[in-house]
Amino acid sequence: MRCETCKQESPVIMRVVVARDYNRALARAVYNCPACFDKKEQVRSSKREVRSRPTK
C-alpha cells in the first residue's frame, strides 16, 4: 500500500471518516501512512482548538 501524502510504501494506511466535529464521508478518500496520519491529526486538532477558544 502507498501513502497518498508522502507516496512511500507502508504496511498500514489510515483514514478518518467521521469524528467529533468532522465528517468527510462524502469527500474523496485520502489514505495516509502512520507518520502522515499523525501530522494530519495534529493539524486538525489544533484547528479545532482555535475554533473552540472563546473570543474576547
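Residues numbered from 1 in each chain as written. Predicted model: local features only at pLDDT ≥ 70, side-chain atom pairs only at ≥ 80, totals over all residues. Heavy atoms only, no water.

Quick look at the pattern of salt bridges
How we decide: Throughout this description, the term salt bridge denotes a Lys or Arg side-chain nitrogen within 4 Å of a carboxyl oxygen of Asp or Glu. Where helices and strands are cited, they refer to DSSP runs of H or I of at least four residues and of E of at least two residues respectively, numbered from the N terminus. For every residue, the accessible area (1.4 Å probe, protein chains only) is compared with the maximum for its type, and the residue is labelled buried under 20%, exposed over 50%, or partly exposed between those bounds.
Across all of its chains, the model carries three salt bridges by this definition. Across the pair Arg2 and Glu9 runs a salt bridge whose closest N-O atoms are separated by 3.2 Å. Between Arg44 and Glu41 there is a salt bridge, and its shortest N-O distance comes to 2.9 Å. With Arg44 and Glu41 both in helix H1 (residues 34-52) and three residues apart, the pair spans about one turn of that helix. Residue Glu41 is classed as partly exposed on the basis of its relative accessible area of 24%.

Quick word on the environment of Lys40
Formally: Throughout, a contact is declared for two residues whenever any of their heavy atoms are within 4.5 Å.
With respect to the helices, strands and loops of the structure, Lys40 is situated in helix H1. A C-alpha to C-alpha distance of 9.8 Å links Lys40 and Thr5, two positions 35 residues apart in sequence. Apart from the residues lying within four places of it in its own chain, the contact partners of Lys40 are Val30 and Asn32.

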